[in-house]
Amino acid sequence: MSEILKRVDLIFGEYSDQKYKTLEKTIKRPNDDIIKDILDSGLRGRGGAGFPTAMKWKFTMEQPGDEKYVVCNADEGEPGTFKDREILTQVPRKVFAGMAICGKVIGAKKGYMYLRGEYRFMLPELLKEIDVFNTNAQELDIDFTIEIRMGSGAYICGEESALFESMEGKRGEPRNKPPYPTVSGYLSKPTVINNVETFVNVLMICRIGPVQYKKLGTRDSRGSKVFSVSGDTPIAGIYELELGMPLEKFVEEFGDGDTKAVQVGGASGFCVPRKKFKDTIIGFEGVPTGGSMMIFNSSRSMYNVLHNYLDFFEEESCGQCTPCRVGCQQLRKGIEAVKRGDKPITYLEQLMKLSETMKITAKCGLGQSVANSFSSIVNNFKEEMIY
Amino acid sequence: MAANNNNNNLINELVEKYGRDRTSLMPILQGVVEQNNFISDLNMTEIAKELDLSAAQVFGTATFYSFLDTIPRGRFVIRVCKTITCDMHGKKMIIQTLENLLKIKVGETTQDKKFTLLETNCLGWCHKGPSLLINNDVYSELTAEKVHELIAEYMHK
C-alpha cells in the first residue's frame, strides 16, 4: 500500500452517537455561515460535472419565492459507477441530513430523491429510513420532508433537467439552459439538485469543519471521493480515496499488472492509455470522474470497448437534438465501416470532426461528452480501430 | 369485459393513491407495469382520461422509458446487463445459456408467458459482473451453473 493512495473513512464513517446530531447542530447556525463553510471547504459536485456546491446553494437561496425544492440525484447510470447505491445502503441518514441542511439554507420544505429504476429493490429499506428521518425532523422542529421518486430505465434522466421533466411526468428530454435549476428547476421553481455523495460531503463538512476537511485532497480537488473500481482488476469494488492522486499510483494498487488503459469517468469520460498514467491526475485539475474507474488489460480490444460505449449512447440518446441522435449512430456505423475496410483510415479523422461538432452543438451533456471517449480511444488506439 | 373492469379498477386505485396531477404520471405508469408487466393502449387512454391529459402525452411518456413496457411481457422479465464490464466478464455466455434454457431469443417471451428475455444498459454491478435483473431483483457474479439454478427456481414460482 503506497503512502499517496490513502484510504479515507469520511463518507462511510460511522454515524454520530446520537441520531441526526450534526443536523440538529447545523440548523441552529445562520445560513451564510453554512454556505461559507462549504465554500471554504472547496467542495465541488460529486456527480461528475464538479460545479462548486456552495455557489449552487447560494444562487438558489438568493432566488425570491418560498416554493423551492431540494432534489437528490440517485439516477446513477454512468457505466462503471455503483458508489451511490453503496452510500444509500450503508449511510442513507447522512444523505437525508445533507438534504435537510440544504432545505434549511435555501428555504425549501420539500426534498425528493430520484432513484434509478434499476435500484428498485432498495426501495423498501430506503422508505423505512425516510420514515425515521421524517419523524426525527418533526421532533427537531425541522419543516422539511423527503419523498422518493423512481426512474424507469433511462440514463438521460441523470441529466438534471431531464430528471425534472421525468418527475413532472414527461419524457426525460433535457431542457435548454439557461435558465439553470437554481432559477427554474422542478416545476419551474428554484431547485438545488446534487448527487448523493455531494450531500454526504456537505454533512461531513458541517460535522468536522472546513479546515479539517480541506486537509484531504489537493488545492483543486478537495476532500475524498468514492470510487467504483471495475474491469480487469483483482480487487473490484468501492473505495473511498483522496482526490488528486496520480493515475499511476491507482493502477499500481488496482491493476492486474497488465493494465493497458483506464477509462476514467465512465463512458462519457476519458480513456487514458498506459503511456499517460504517469502524467495524469485524477481530479478536477486532471481527469475528473464521478467515480467510475474501469480498468482494461492488454487482452481487451479497444475497438470493442468503444463500440460498446457507442451502442450505449445510441440507445440512451433521448433523440431530441440532431447532433446527438444522428451523431451517435454515425460514429458507430463509421468505426464499423473502417474496421470492415469499407472506408479508408482517413475516415477516422472525419469521425473525430463529427464528435467535436457534437461537443459544441448537442443540447446536453450526453451528446457533448461522446467525444471524450471517442477521441481519447481513437487517438490512442488507432491501430486497434483499423486492424 | 371482465379484463376491462379489472384494468379500470387498477387505474382507479393508482389514481386514488398518487393523485390526478401530471407529476403522478410516472408512479401510475410504474404501478401498472408492476401489476400487469406492461401498459396496454387501453390503460393509457384510461390514465389520460383520469389525469386530463391527451392519450398522446401519456403514450409519449410511457414509450420513452425502457422499463415501462408497452407490449405484453412475461411474468418474469429478465434483463441482462450488456455494458462493457459485464460484457467483458461473460455476458454473451449468460445470454446463450438463457436462450438455450428458455428456448427463446433476446426480445422474446416464452409461450407460457412466464419469461421475457431482454438486454439492458449498465445495472451498476460492474464489480460483480455479469449481472441481470429478474423484475426488481438483482443477480450478480453469474456463471452458467448459477443461471441454471436461477431459472429452475423461477420455473417453480
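Definitions and limits used
- Residues numbered from 1 in each chain as written.
- Chains lettered and ligands numbered in written order.
- Predicted model: local features only at pLDDT ≥ 70, side-chain atom pairs only at ≥ 80, totals over all residues.
- Heavy atoms only, no water.
- Pairing = 2+ DSSP bridges.
- Helix = DSSP H or I, 4+ residues; strand = E, 2+ residues; numbered from the N terminus.
- Axes fitted to C-alpha atoms, helices over the stretch in contact; angles between N-to-C directions.
- Salt bridge = Lys/Arg side-chain N within 4 Å of Asp/Glu carboxyl O.
- Buried < 20%, exposed > 50% of the residue type's maximum accessible area, 1.4 Å probe, protein only.

1. Considering the sheet that holds strand β3 (residues 145–150) of chain A
Residue and element names in this part refer to chain A.
Then comes step 1: Strand order in the open sheet made by the four strands is β3-β2-β1-β4, with parallel pairing throughout. Across the chains shown, the open sheet's two edge strands, defined by having one partner strand only, are β3 and β4 (191–195). The mean inter-strand angle of the sheet, taken between neighbouring strand axes irrespective of direction, is 20°.
Then comes step 2: Note: strand β1 (residues 69–74) against strand β2 (residues 110–115), six bridges, orientation parallel.

2. Overview of the pattern of salt bridges
It is possible for side chains of opposite charge to pair when their charged atoms get near one another.
Then comes step 1: For the structure on display, the rule yields 36 salt bridges over all chains.
Then comes step 2: Glu147(A) is paired through a salt bridge with Lys110(A); the nearest N and O atoms lie 2.9 Å apart. Here Glu147(A) is found in strand β3, whereas its partner Lys110(A) is found in strand β2, with 37 residues between them in sequence.
Then comes step 3: Ionic pairing is found between Asp69(B) and Arg79(B), a salt bridge with its closest N-O pair at 3.1 Å. One end of the pair, Asp69(B), is in the loop between α4 (55–64) and β1 (76–81); the other, Arg79(B), is in strand β1, with ten residues separating them in the sequence. Accessibility assignment for this pair places Asp69(B) and Arg79(B) in one class, buried.
Then comes step 4: One network of salt bridges, with partners in common, ties together Lys83(A), Asp84(A), Glu197(A) and Lys225(A).

3. Observations regarding unusual backbone geometry
Then comes step 1: For the peptide bond that leads from Pro178(A) to Pro179(A), omega is 0°, which places it in the cis range.
Then comes step 2: In this structure, Pro179(A) sits in the loop between α7 (160–167) and β4.
Then comes step 3: With omega at -5°, the peptide bond leading from Gly129(B) into Pro130(B) counts as cis.
Then comes step 4: Relative to the assigned elements, Pro130(B) resides in the loop between β2 (115–120) and β3 (132–134).
Then comes step 5: Although it is not a glycine, Asp52(B) adopts a positive phi angle of roughly 55°.
Then comes step 6: Here Asp52(B) lies in the loop between α3 (41–51) and α4.
Then comes step 7: Residue Asp52(B) is classed as exposed on the basis of its relative accessible area, which comes to 71%.

4. A short note on the pairing of strand β11 (residues 292–297) of chain A
All names here are of chain A.
Then comes step 1: With six of its six residues buried, β11 lies for the most part within the structure.
Then comes step 2: In β11, alternate side chains face the same way, and those of Ser292, Met294 and Phe296 on one face and Met293, Ile295 and Asn297 on the other are all buried.
Then comes step 3: Where strand β5 (residues 224–231) lies against β11, four bridges are found, and the strand directions are parallel. Directly across from serine 230, in β11, lies its bridge partner methionine 294.

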